[in-house]
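# Report on the structure
Each chain, letter by letter, is given below.
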There are 2 protein chains.
Amino acid sequence: MALENQELRKAGLKVTLPRVKIYQILEKAGEGDHFSAEDIYKLLLEHNEDVGLATVYRVLTQFEAAGLVSRHHFEGGHSVFELTQDEQHDHIVCVKCGKVREFSDPALKKRQDQIAKELGFKITDRTLYLYGECADGCKNTK
Amino acid sequence: MALENQELRKAGLKVTLPRVKIYQILEKAGEGDHFSAEDIYKLLLEHNEDVGLATVYRVLTQFEAAGLVSRHHFEGGHSVFELTQDEQHDHIVCVKCGKVREFSDPALKKRQDQIAKELGFKITDRTLYLYGECADGCKNTK
DNA sequence: ACGCTAATAAGAATTTTTTGCATTAGTAAA
DNA sequence: TTTACTAATGCAAAAAATTCTTATTAGCGT
């Protein structure tokens, strides 16, 4: 039995075809890849999987609730998803070519914690997006 | 002539009633207030201003392009807006009561700049949202 | 005041996401 | 295994959020 099935069960989710397929797509994604529900839906169609778009949204929402995936709102409306990584990380997005790099910085996190403490907040989540232009190799083709 | 008119002209925008009214609403907002297009639309209706929702969106988008307002995507989909402050700042949001506090921390910014530099990015924008529970005084009424 | 042009209202259209419901498919237990 | 229970799915339709179209109106320079 494949490992993704274990993941799903661990999350308390029945192992169904749509869930497995969606999980696999996310798993195969490279670093910095972020898919929208629509993206995943189209990939499923390409693989001749008969999964409805509504199901994609449902499954992604369930995955998010289970902590399997993280949802992001980059500039421009719709949500994108990625498999939750072991290490929480932030994103820097090129506004020209759309490339996303991920990074994690303990100093940054520590300072954030301190600020939250000073303001009397108990942090449950955090998102830092840096936007800019990636100097070299930016083909400017968003 | 009121000061908001100056602001609009400075931004290269004609002084029209919808723009003035929307600007005034944003101006009157307290620290930490963030309005959605819908919020502003409803406020306009309450003040018997005959402005269409589409116009609200258009004006806010223009204001954003002109740098007059900043758009934020807090958790939960839709955009909210606030008048751009002199000092760029970050947000910490209570997930229980929805309260938003703003803060600015030079150390944080400096570290972000450094990270961007290391990754070869020239930062044009940044958004940090911390989410958590505000300890005391949280009435839990989102 | 006049006229040019940009801005507007209104609603239709799009885009993104959610929901209701009849049907199907996992899963646990016999 | 087959059975049967229940959760999950697909589809269509609705919501929600935002943008576009077009005829009309209103700023603003002259």
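Below or above, wherever it landed, is the structure these notes cover. Nothing here was measured: the structure is a model prediction, and the numbers come from that model. The numbering scheme is per chain: residues are counted from 1 as the chain's sequence reads. Chains carry letters from A onward and ligands carry numbers from 1 onward, assigned in written order. Local features in a predicted model are, by the rule used here, given only for residues with pLDDT of at least 70; side-chain atom pairs are given and counted only at 80 or more, and totals for whole chains, interfaces and linings are based on all residues. Excluded from the side-chain calculation are hydrogens and water; included are all heavy atoms of the structure.

## A closer look at the relation of the copies chain B and chain A
The fit set for superposing copies consists of C-alpha atoms from residues with pLDDT of at least 70 in both; the fit itself is least squares. Least-squares fitting of chain B to chain A yields an RMSD of 0.1 Å, with the superposition described by an axial translation of 0.1 Å and a rotation of 180°. Given the turn and translation reported, the copies of this chain are related as if by a two-fold rotation axis. Closest approach to the rotation axis among the C-alpha atoms of chain B is made by Leu 128 of chain B, whose C-alpha sits 2.2 Å away.

## Describing the protein's contact with DNA strand C
In the region of DNA strand C, 19 residues are neighbours, and Val 15 and Tyr 57 of chain A together with Thr 16, Asp 50 and Thr 55 of chain B sit closest. Throughout, near means a residue has at least one heavy atom within 4 Å of the molecule or strand. If you look at DNA strand C and keep only atoms within 4 Å of the protein, 73% of those are sugar or phosphate atoms. Pairs of N or O atoms within 3.5 Å make up the polar contacts considered here, provided that, within protein, one atom can donate a hydrogen while the other can accept it, and that residues adjacent in sequence are counted only when both atoms are side-chain atoms. In this structure, a phosphate oxygen belonging to DNA strand C sits 2.9 Å away from a main-chain N or O atom of Ser 79 of chain A. In the model, a phosphate oxygen of DNA strand C is placed 2.3 Å from a nitrogen or oxygen of the Thr 55 of chain B side chain. The numbering of helices and of strands both runs from the N terminus, where a helix is a DSSP run of H or I of at least 4 residues and a strand a run of E of at least 2. Those elements that place two or more of their residues in the surface near DNA strand C are helix H4 (53–65) of chain A together with helix H2 (17–28) and helix H4 (53–65) of chain B. The element best represented in the surface near DNA strand C is H4 of chain A, accounting for four residues.

## With respect to the packing of aromatic side chains
Residue and element names in this part refer to chain A. Here a pair means two rings of Phe, Tyr or Trp (six-membered ring of Trp) with centres within 6.5 Å. Their orientation is stacked below 30 degrees between planes, edge-to-face above 60, and tilted elsewhere. Under the counting rule described, the total for this entry stands at five aromatic pairs over all chains. With centroids separated by 6.1 Å and ring planes inclined at 75°, the aromatic side chains of Tyr 23 and Phe 63 adopt a geometry described as edge-to-face. You can see Tyr 23 sitting in helix H2 (residues 17–28) and its partner Phe 63 sitting in helix H4, a full 40 residues away along the chain. Each member of the pair Tyr 23 and Phe 63 is classed as buried. Burial here depends on accessible area, computed with a 1.4 Å probe over protein chains only, as a share of the maximum for the residue type. Under 20% is buried, over 50% is exposed, and the range in between is partly exposed.

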